Amino acid sequence: MRKKIALIGGGQIGQNLAMLAAMKELGDIVVLDIPDYVNPVKGKALDLMEMAPHGNYDANITGTSDYKDIEGADVVIVTAGKPRVAGMTREDLLATNLQIITDAANGIKKYAPKAFCIIVTNPLDAMVYAFYKLTGFPRHQVVGMAGTLDTARWRAFISMELGVSVTDVAGTVLGGHGPDMVPLPRLTTVGGVPLPEIATKEQIDKLVLRTREAGTEIVKLFGKGSAFFSPAWSAIIMAESYLHDKRRVLACAALCEGEYGIKGLFLGVPALISAKGLEKIFEIKLNDEEKALLQKTVEGVKKTVEETKL
Ligand code: APR
């Protein structure tokens, strides 16, 4: 039997998730949105069914506003919520998106209580925490998509700056999904060569800053709305690693239970995603400077999480 993927939110990221999930034949796809937007998501689903003969995929893709239709989903990806407009921080979305995440948590808990859940809605670190608290799901079943995207941005900018293939750039970004996130130049390599050996300090500082502000750079260009292609791909590889037991090690917002000295907070850390869901968090031995940077991002995440009052 085909797997079932439920996408809560059929806007910019949701529609790209649907296309990618179809093209990768991850399973049948249900896109859920609010009643006022159900016809557009039904239209997007139909459009993707009509793309299938050329896209060469077999998948049933449907749009709905009824949580009953996500029943038994294996994976749920939540993008429901408002995106930023220019001048807004991710935190400015908190009150509105908390209400939306509450609706999603209730619906998913009722109809897809076994699903591996990937949260994308911003402010990410607080929304994934809220979702976890509201559903009561175990830690292995809930992750946030942020570090996967931040790492992709870090790798892309290094490739653009140094004129090297992006596929040879390896590295990770720790911490919250905001301007205090922690790219790790010391542990980044280009074809096995440590980044600090092939880039100047000025170049590295510039790359770190651009990565931290990457989402905002795109919001400024759009004026209204935020990035959607790269967030969609980032969430899809997390879903794929779970569904195909690929055992990828991806930077995910995962619930730390003592790792990195952090308890009870979701934070971007390298994690193994397997058929068990979040199987393991890997701890990196950080130097003092990196530890201080991580501490700063933890304080920021704590503050936003406290605002959820959960
Ligand atoms: N239930 C289901 N869907 C909802 C709900 C709800 N309660 N409330 C809003 N939505 C839907 C909207 O109708 C819209 O179709 O969520 C969709 C969001 O799509 P976009 O506005 O296009 O936003 P998008 O760019 O996809 O970003 C979604 O991800 O990266 C984050 O900051 C971003 O929080 C934002 C989220």
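Residues numbered from 1 in each chain as written. Predicted model: local features only at pLDDT ≥ 70, side-chain atom pairs only at ≥ 80, totals over all residues. Heavy atoms only, no water.

**Student:** Before we move on, can you summarise the domain arrangement of the protein chain with the specific residues and values?
**Tutor:** Domain parsing of the protein chain yields domain 1 (4-146) and domain 2 (147-306). Listed as interface residues are 38 residues of domain 1 and, on the opposing side, 46 residues of domain 2. Summed over both partners, the interface of domain 1 with domain 2 buries about 3,700 Å², with 69% contributed by carbon and sulfur atoms. Taken together, domain 1 and domain 2 are joined by three salt bridges. E240 is the salt-bridge partner of K24, the closest N and O atoms lying 3.1 Å from each other. (Domains from an automatic or database assignment. Contact = heavy atoms within 4.5 Å. Buried area = accessible area lost by both parts, 1.4 Å probe. Salt bridge = Lys/Arg side-chain N within 4 Å of Asp/Glu carboxyl O.)

**Student:** Can you break down the pairing of strand β2 (residues 28-32) residue by residue, with the values?
**Tutor:** Most of β2 is tucked away, with five of its five residues classed as buried. Every second residue of β2 is oriented toward a common face, with D28, V30 and L32 on one face and I29 and V31 on the other, all of them buried. Where strand β1 (residues 4-8) and β2 come together, five bridges link them in parallel fashion. Residue pairing for β2: I8 is matched across the bridge by L32. Between the parallel pair β1 and β2, the chain is carried across by helix α1 (residues 12-23), and the sense of this crossover is right-handed. Two elements, β2 and strand β3 (residues 61-64), share four bridges in a ladder whose sense is parallel. (Buried < 20%, exposed > 50% of the residue type's maximum accessible area, 1.4 Å probe, protein only. Helix = DSSP H or I, 4+ residues; strand = E, 2+ residues; numbered from the N terminus. Pairing = 2+ DSSP bridges. Right-handed = clockwise from strand over helix to strand, strands pointing away.)

**Student:** Give me the lowdown on the packing of helix α3 (residues 94-111) against helix α4 (residues 124-135), citing residues and values where you can.
**Tutor:** Two quantities define a packed helix pair, namely the angle between the helix axes and the distance between the axes. Their axes nearest at 9 Å, the elements α3 and α4 cross at an angle of 35°. Between α3 and α4 lies a crossing of right-handed hand. Facing α3, whose interface residues are L94, N97, L98, I101, T102, A104, A105, I108 and K109, α4 presents A126, M127, A130, F131, L134 and T135. (Axes fitted to C-alpha atoms, helices over the stretch in contact; angles between N-to-C directions. Left-handed = near helix turned anticlockwise from the far one by under 90°.)

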